[in-house]
2 protein chains.
Amino acid sequence: MSRRIRRTPYTDRVEQVGVRGFSVVNHMLLPKAYQTTVEQDYWHLREHVQLWDVSCQRQVQIEGPDAAELVQWMTPRNIGKALVGQCLYVPIIDHHAGLINDPVLLKLAEDRFWLSIADSDVLLFALGLALGRGLDVQITEPDVSPLAVQGPKAEDLLVSLFGEHIRDIGFFRFGWIDFQGQSQLLARSGYSRQGGFEIYLHNGGYGPALWDAIWAAGQAFNIAPGCPNLIERIEGGLLSYGNEMTRENNPLEIGMDSFCCLDGSVDYLGRAALRRIAEKGVNRVIRGITFDGGPCPTCSKPWAVTVGGSEVGQITSAIWSPRLERNVGQALIKRGFWEHGQTVSVLSQDGVVRAGEVVELPFV
Amino acid sequence: MSRRIRRTPYTDRVEQVGVRGFSVVNHMLLPKAYQTTVEQDYWHLREHVQLWDVSCQRQVQIEGPDAAELVQWMTPRNIGKALVGQCLYVPIIDHHAGLINDPVLLKLAEDRFWLSIADSDVLLFALGLALGRGLDVQITEPDVSPLAVQGPKAEDLLVSLFGEHIRDIGFFRFGWIDFQGQSQLLARSGYSRQGGFEIYLHNGGYGPALWDAIWAAGQAFNIAPGCPNLIERIEGGLLSYGNEMTRENNPLEIGMDSFCCLDGSVDYLGRAALRRIAEKGVNRVIRGITFDGGPCPTCSKPWAVTVGGSEVGQITSAIWSPRLERNVGQALIKRGFWEHGQTVSVLSQDGVVRAGEVVELPFV
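In what follows, the accompanying structure is described.

Reading guide: rules and limits
- In this numbering scheme, every chain counts its residues from 1 along its sequence in written order.
- Each chain is given a letter, starting from A, and each ligand a number, starting from 1, according to the order in which they appear as written.
- Per-residue local features are limited, in this predicted model, to residues with pLDDT of at least 70; the limit for side-chain atom pairs, both in listing and counting, is 80 or more; totals at the level of whole chains, interfaces and linings are taken over all residues.
- Derived side-chain values reflect all non-hydrogen atoms in the structure, with water molecules and hydrogen atoms excluded from consideration.
- Only heavy atoms enter the contact rule, under which two residues are in contact if any of them lie within 4.5 Å.
- By buried area we mean how much accessible surface two parts lose on assembly, using a 1.4 Å probe and totalling the loss over both.
- Salt bridges are counted wherever a side-chain nitrogen of Lys or Arg sits within 4 Å of a carboxyl oxygen of Asp or Glu.
- In the analysis that follows, any N or O atom pair within 3.5 Å is treated as a polar contact, provided that within protein one partner can donate a hydrogen and the other can accept it, and provided that, for residues neighboring in sequence, both atoms belong to side chains.
- A helix here means a DSSP run of H or I that spans at least four residues, while a strand means a run of E at least two residues long, and both kinds are numbered starting from the N terminus.
- Stacked, edge-to-face and tilted labels apply to pairs of Phe, Tyr and Trp rings (six-membered ring for Trp) whose centres lie within 6.5 Å, assigned for plane angles under 30 degrees, over 60, and everything in between, in that order.
- Whether a residue is buried, partly exposed or exposed follows from its accessible area with a 1.4 Å probe, protein chains only, as a fraction of its type maximum: under 20%, in between, or over 50%, in that order.
- Criterion for a charge above a ring: Lys NZ or Arg CZ within 6 Å of the ring centre, and within 35 degrees of the ring normal.
- Copies are brought into register by a least-squares superposition over C-alpha atoms of residues with pLDDT of at least 70 in both.
- What a helix should span is 1.5 Å times the count of its residues minus one.
- The arc in question is traced by the directions running from the helix axis to the C-beta atoms.
- The pairing criterion is simple: DSSP has to find at least two bridges between the two strands.
- Axis definition: a line fit to C-alpha positions, over the contact stretch in the case of helices; interaxial angles, taken between N-to-C directions, run 0 to 180 degrees.

By a frequent convention, interface size equals the accessible area lost on bringing the separate parts together. On the chain B side, the residues contacting the 40 residues of chain A number 40 residues. Summed over the three residues of chain A that lose the most area to chain B, namely Arg3(A), Arg4(A) and Leu124(A), the buried surface amounts to 23% of that side. Taken together, the links from chain A to chain B amount to 3 salt bridges. Residue Asp12(B) is joined to Lys301(A) by a salt bridge in which the shortest nitrogen-to-oxygen separation is 4.0 Å. The interface formed by chain A and chain B includes 15 residue pairs in polar contact (both at pLDDT 80 or more). Elements supplying a minimum of two residues to the side of chain A that touches chain B: β1 (21-25) and α4 (122-133) of chain A.

Okay, here's the thing in structure tokens:
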């Protein structure tokens, strides 16, 4: 690994606890696997608590007199009523309503925001917009490295370290904790459906100490190192930028209708395009697919979903669910075939054809 | 690997010839190693010919009435006199003169350009600038996947396939070849100092056939699969965005003076900042470092370069050179210590201190 693929404040620690491989997100290492299987991690995440190095969720900080204007310009979600202390899932779209990213927006002050981004250089997009339009903002990537604590025991673990007050932090809200004399941002959020928090550590120099403190306190809660779990993510209907959506997709077909203001009350880059799409109706939507035939292979390219020999969609992520005892996938499915219960065939990349069925997300 | 890390038109082929690992550049796979060592590949590249999947050098296509204006706005290099058919190395900088990328610009027509990019989403920066300023351009990522043929035998190999006319293509110029009835762009360029070409394949569907054709014809030239070689790159003074330079660096300290127009004849985003830097003089410059102590470890974080116990710079890439029989590195070195022959100490990440010396790039 060269310096181009950035290490995180926690990389030394994840290596010590036996990381077996990394992926790369935002030019930074994301642990991908430890000593256990995806299935073992899945059950552990549902029952206990895990510590995830998600530093690759980089923050794009936008501050200044025109900060709110710029953020609103990038997203179809109405951020006008957002409160300081709130996290908002905000699709970022271009002028054709193509998805550029799907970050979580943290409102730190009326004139200061963080976009906690998925895998594309949103900073450069925001910077280009600001320079092109002459907006009065500063756009930076602060020294902030999120560490996620996920799973049903996350709250009790963090209470044992940081105090009872964190129980009052609502879902997709953030508050503050003290760590070694520093105030740090703690949000009730994370890329799983098992509950938990993300600590947006400011100053990477504290990274190893923060990891160690949680790790030590976590022993009483059966803590394990982890990372976003593909089974849990797919079952939970959590989407992945670059997998389920790219700039080829608009937010309406990805199920983000509730995050798209179409009534004309706010203006943003892709508004005209998005309204045209809404008027015509989308031609495809994101759905779940369950399918048979034993554990499917890794999905590293789209798999055709067919009805009567015709392609009606594509699976973009898929894996065997040990809980449902079927394969589960996420797929864009064409109009006319997206109703719950539609029977389909799935052609996985090993050449096997499997019988399947369209279902709603999330899987239950 | 998920779909988020994109495969290339050649990935099936590089797997067939025994790729051992990948890196990720521009959300796409870059082969990193085959069955041989970096040292074996180094000697092979210097003597024979190699086939490199460099599809990750994505093209940002900028076309339309304002295309030249937008490109000029992003770079301090004067592109006003560039000719159709020319390749230009163009630093892309922000308003503080920080480096955003260091692509090769291909001028396809007076109103159509490709930026063949290093690892950052230049498309989003260009799109933001264009939307913010209201420029009349279309910005897209075309279906173009560069395949590099590098090494001293590259020309004879490609002549055997595509004809004698390619000998007339000058360095950093491009021409056209016919492959299966399609006209394809061929440039005399590449990320090595051993000579060679890059085919900017349009339409990835032809990828496997193009690979196979070159592979078959290459048997007579002792062809091997390859990838950018770290020994050759460092010796040759070729810089890597994300390693030797980031947005923390300006082009003058990275040795790009000749690509920076400072006389006021062209305007661009970072001009005022760059002129201020030029007037004051840079505080550090890129240099080579040779150092002793046997083969050094992998450089995955900056290494301190010291004189008399004080840090005077940082090595950002380093490796053992079997030809020079010393370690070679690239480093930013502070004013007062950057003269050829300056003795230094290098602290590599294994904790070893090694005696070294500042030299000019490239290494000879």
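Residue and element names in this part refer to chain A. This structure, assessed with the given rule, holds 17 aromatic pairs over all chains. Note on Tyr10 and Trp211: the rings are 6.4 Å apart at their centroids and 35° apart in plane angle, and the pair reads as tilted. Pair noted here: Tyr10 is in the segment before α1 (11-16) and Trp211 is in helix α6 (residues 207-218), with a separation of 201 residues, a long-range link. Like Tyr10, the residue Trp211 is buried in the burial classification. Put simply, the rings of Tyr10, Trp211 and Trp215 touch in pairs and so form one group of aromatic residues. Over the face of the ring belonging to Trp73 we find Arg133, whose NZ or CZ atom lies 3.9 Å from the ring centre.

With that settled, the discussion passes to the relation of the copies chain A and chain B. Aligned on chain B, chain A shows an RMSD of 0.0 Å; the corresponding rotation is 180° and the shift along the axis is 0.0 Å. Accordingly, the operation relating the two chain copies is best matched by a two-fold axis.

Moving on, we get to α6(A). Residues and elements named next belong to chain A. Helix length check: α6 (12 residues) gives 16 Å between terminal C-alpha atoms against 16 Å at 1.5 Å per residue, within 8%. Turning to α6, its buried residues are Gly207, Leu210, Trp211, Ile214, Ala217 and Gly218. Here the buried residues of α6 occupy an arc of 140° about the axis, which is enough to place them on one side.

This part is about the sheet that holds strand β16 (residues 284-291) of chain A. Residue and element names in this part refer to chain A. If you trace the 6 strands once around the closed barrel, you get β16-β19-β18-β17-β20-β21, paired in antiparallel fashion. Averaged over neighbouring strand pairs, the angle between their axes works out to 40° when direction is ignored. Note: strand β17 (residues 303-307) against strand β20 (residues 343-347), 3 bridges, orientation antiparallel. Note that in β20 the partner of Val305 across the bridge is Val346.

Another aspect to go through is the sheet that holds strand β21 (residues 353-359) of chain B. Taken in spatial order, the 6 strands close into a barrel running β16-β19-β18-β17-β20-β21 (chain B), and their pairing is antiparallel. Pairwise comparison of adjacent strand axes, ignoring direction, gives a mean angle of 40° for this sheet.

As a further point, take the pattern of salt bridges. This structure, assessed with the given rule, holds 41 salt bridges over all chains. Residues Arg133(B) and Glu69(B) are paired through a salt bridge, measuring 3.4 Å at the closest nitrogen-oxygen approach. Taken together, the residues Arg133(B) in helix α4 (residues 122-133) and Glu69(B) in helix α3 (residues 67-74) connect sequence positions 64 residues apart. Classification of Glu69(B) as partly exposed rests on a relative accessible area of 37%. Put simply, Glu155(A), Asp156(A), Glu164(A), Arg167(A) and Arg188(A) are held in one network by salt bridges that share partners.

In short, shape yes, function no, at least from these values alone.
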